[in-house]
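Breakdown of the fold
Listed below are the residues making up each chain.
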Amino acid sequence: MTSHNTKHRIAIKIGSNVLSRKDGSLDITRISALVDQVSELRKQNYEVVLISSGAVAAGKARISPKGKLDVVSSRQIYSAVGQARLINQYIIFFDNHNIPCGQVLTTKENFSTRYHYLNQRNCMSVMLDNGIIPIVNENDTISVTELMFTDNDELSGLVATMLNCERLIILSNIDGIYNGNPSDKNSQVITEIDTQKDNIEEYIQSSKSSAGRGGMQTKYNIARKIAEEGVEVIIANGKRENILLDIINNPNTLCTRFIPSSKPTSTVKKWIAHSESFSKGEIYINEGASIALKSDEVTSLLPIGITHIQGVFEAGDIVTILDEKGNQIAVGCTAFNNEEVEQLIGKSNSKPIVHYDYLYID
Ligand SMILES: Nc1ncnc2c1ncn2[C@@H]1O[C@H](COP(=O)(O)OP(=O)(O)O)[C@@H](O)[C@H]1O
Ligand SMILES: N[C@@H](CCC(=O)OP(=O)(O)O)C(=O)O
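What you are looking at is a predicted structure, and each value in this text was computed from that prediction instead of being measured.

Let us now look at the site of ligand 2. Taken together, 13 residues surround ligand 2, and among them Lys-13, Ser-16, Ser-53, Asp-140 and Asn-152 come closest. One nitrogen or oxygen atom from the main chain of Val-56 is found 2.8 Å from an oxygen atom belonging to ligand 2. Contacts to ligand 2 include Asn-137, whose side-chain N or O atom sits 2.8 Å from an oxygen atom. Its residues assigned to classes, the shell around ligand 2 shows two nonpolar, seven polar and four charged.

Take a look at the structure:
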């Protein structure tokens, strides 16, 4: 049982398959049961942010478009119809517990600059501070292909680190990550993963559930990254009765748990860690600089270690840092624009191009 004095902030991501029945219809009973558990968690001093998929699935179950639609159009109309229906159910069930909840629809672009990121953080923090449960989903009606999140697992990781959650629970339709094909009776759930030691990549199958977008691969990638940023990640079966309360209160609950790193990561570094896709340029560095950045020492990127750069960027933009062979080793926020960096390449006694505080080593 958890202490009833300190507030514990947690993020819970609910996959499409948890919320839909076999015939594709919205599983109202499941939503109601999950809301009951969240309400109970609040009594146990948990602050909860929900990241809920299910808009497209809920829309598909409700409408049949006239004729054949392209992928983007169908996602748009299904999510427009489905998101409204989904949030409506959450409101009805949370109202029964007298808990206010609110809808946060977002896009990857809303995390692209530090300003946007802080704006998103403020929105969700102020909701939590006022006892309101944020129910977050990607805004599928306006997200276009190249600017989409891989899936809501990626979004949930971003939200969990951004809000300094101590735990991220990813609910899917499976008990955790299996050490083989989940349909093979010899496979078992891997109960604990230490990202410093264990690499379980070989067990991840490309298969995914009927309504899922990214499959287990994105869950694994995100869970690793988030655990390394100090957040405990749990992958569990959202279809199981009382799963949320069991995860919190019963250590023997079947699930996969990623052990969080004990090294603290600053909020700026967390933002940078998730901003790789917004990189405006590449900075190539020599072997010495590459060894220095990868070491355990606190090291900033100095111009003396830079061999060449690519791209047009401003001070404050995200840049990717690569070694001589072109392997990415870090992402950072540059202190100079590309023209200034060109002038500084190879010089000693200059200010860092990327300060350690703004550097995320892969
Ligand atoms: N090693 C594995 N262990 C468990 N599930 C796996 C594994 N490899 C692939 N999967 C697949 O990943 C699916 C869960 O991902 P996904 O379909 O995206 O779910 P969600 O909709 O909850 O995000 C499982 O139903 C399973 O088919
Ligand atoms: N934004 C989409 C969710 C897409 C997605 O990531 O789905 P899932 O893999 O089930 O978490 C929706 O609400 O339908």
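After that view, the rundown keeps rolling.
This part takes up the domain arrangement of the chain. Per the domain assignment, the segments making up the chain are domain 1 (8-268) and domain 2 (277-361). Each of domain 1 and domain 2 was reduced to a C-alpha centroid, and the two centroids are 34 Å apart. Counting residues at the interface gives eight residues for domain 1 and five residues for domain 2. In terms of surface lost to domain 2, no three residues of domain 1 exceed Lys-108, Ser-112 and Val-268, which account for 58% of the buried area on that side. The interface formed by domain 1 and domain 2 contains zero salt bridges. On inspection of domain 1 and its partner domain 2, the count reaches one residue pair in polar contact (both at pLDDT 80 or more). Here the residues of the side of domain 1 that touches domain 2 sort into two nonpolar, two polar and four charged.

Turning our attention to the UniProt feature "binding site: substrate" (unreviewed entry) in the chain. In the numbering used here, UniProt assigns the "binding site: substrate" (unreviewed entry) feature to Ser-53, Asp-140 and Asn-152. A maximum C-alpha distance of 10.9 Å is found for the annotated residues, which run over 100 residues; spatially they form one tight group. Following the sequence through the fold, Asp-140 ends up in the loop between strand 4 (133-138) and helix 6 (152-162). Separated by 2.7 Å, the side chains of Asp-140 and Arg-75 make a polar contact. With respect to the element layout, Asn-152 can be found in helix 6. We classify Asn-152 as buried; its relative accessible area is 6%. Sequence-distant contacts of Asn-152, that is, excluding residues within four places in its chain, are made with Lys-13, Ile-51, Ser-52, Ser-53, Asn-137 and Glu-138.

On to the state of the cysteines, then. Under the counting rule described, the total for this entry stands at zero disulfides. Between Cys-101, a cysteine without a disulfide, and Cys-123, which holds the nearest cysteine sulfur, the sulfur-to-sulfur distance is 13 Å.

What follows deals with the environment of Glu-138. By the secondary structure assignment, Glu-138 is in strand 4. Side-chain polar atoms of Glu-138 contact the backbone nitrogen of Phe-149, separated by 3.2 Å.

Spatially, eight strands are ordered 3-4-2-1-5-7-8-6 in an open sheet, and the strand pairing comes out mixed. Each edge of the sheet is formed by a strand with only one pairing partner; in this case those strands are strand 3 (101-106) and strand 6 (192-193). Two strands pair when backbone bridges link them, and strand 3 and strand 4 are joined in this way by six bridges, in the parallel orientation. Paired with Val-104 across the bridge in strand 4 is Val-136. Where helix 4 (residues 71-96) meets the sheet, its contacts fall on strand 1 (8-14), strand 2 (46-52), strand 3 and strand 4, and the angle it forms with strand 3 comes to roughly 155°.

Taken as a whole and judged by the stated rule, the model has five aromatic pairs. Centre to centre, the rings of Phe-111 and Phe-149 are 5.9 Å apart; their planes meet at 70°, and the pair counts as edge-to-face. Of this pair, Phe-111 sits in the loop between strand 3 and helix 5 (114-129) while Phe-149 sits in the loop between strand 4 and helix 6, placing them 38 residues apart in sequence. In this structure Phe-111 comes out as buried when scored by relative accessible area, which is 2%. Classification of Phe-149 as buried rests on a relative accessible area of 1%.

This next bit is on helix 6. Among the 11 residues that make up helix 6, 11 are buried, leaving the element largely enclosed by the rest of the structure. Within the sequence span of helix 6, burial applies to Asn-152, Asp-153, Glu-154, Leu-155, Ser-156, Gly-157, Leu-158, Val-159, Ala-160, Thr-161 and Met-162. Asn-164 lies just past helix 6 and shows a positive phi near 55°.

Basis of the calculations
Residues numbered from 1 in each chain as written. Chains lettered and ligands numbered in written order. Predicted model: local features only at pLDDT ≥ 70, side-chain atom pairs only at ≥ 80, totals over all residues. Heavy atoms only, no water. Near = heavy atom within 4 Å. Polar contact = N/O pair within 3.5 Å; in protein donor to acceptor, adjacent residues only side chain to side chain. Nonpolar A, V, L, I, M, F, W, Y, C, P; charged D, E, K, R; others polar. Domains from an automatic or database assignment. Contact = heavy atoms within 4.5 Å. Buried area = accessible area lost by both parts, 1.4 Å probe. Salt bridge = Lys/Arg side-chain N within 4 Å of Asp/Glu carboxyl O. UniProt positions renumbered as here; feature names shortened; annotations may be inferred. Helix = DSSP H or I, 4+ residues; strand = E, 2+ residues; numbered from the N terminus. Buried < 20%, exposed > 50% of the residue type's maximum accessible area, 1.4 Å probe, protein only. Disulfide = S-S within 2.5 Å. Pairing = 2+ DSSP bridges. Axes fitted to C-alpha atoms, helices over the stretch in contact; angles between N-to-C directions. Phe/Tyr/Trp six-rings, centres within 6.5 Å; stacked < 30°, edge-to-face > 60°.

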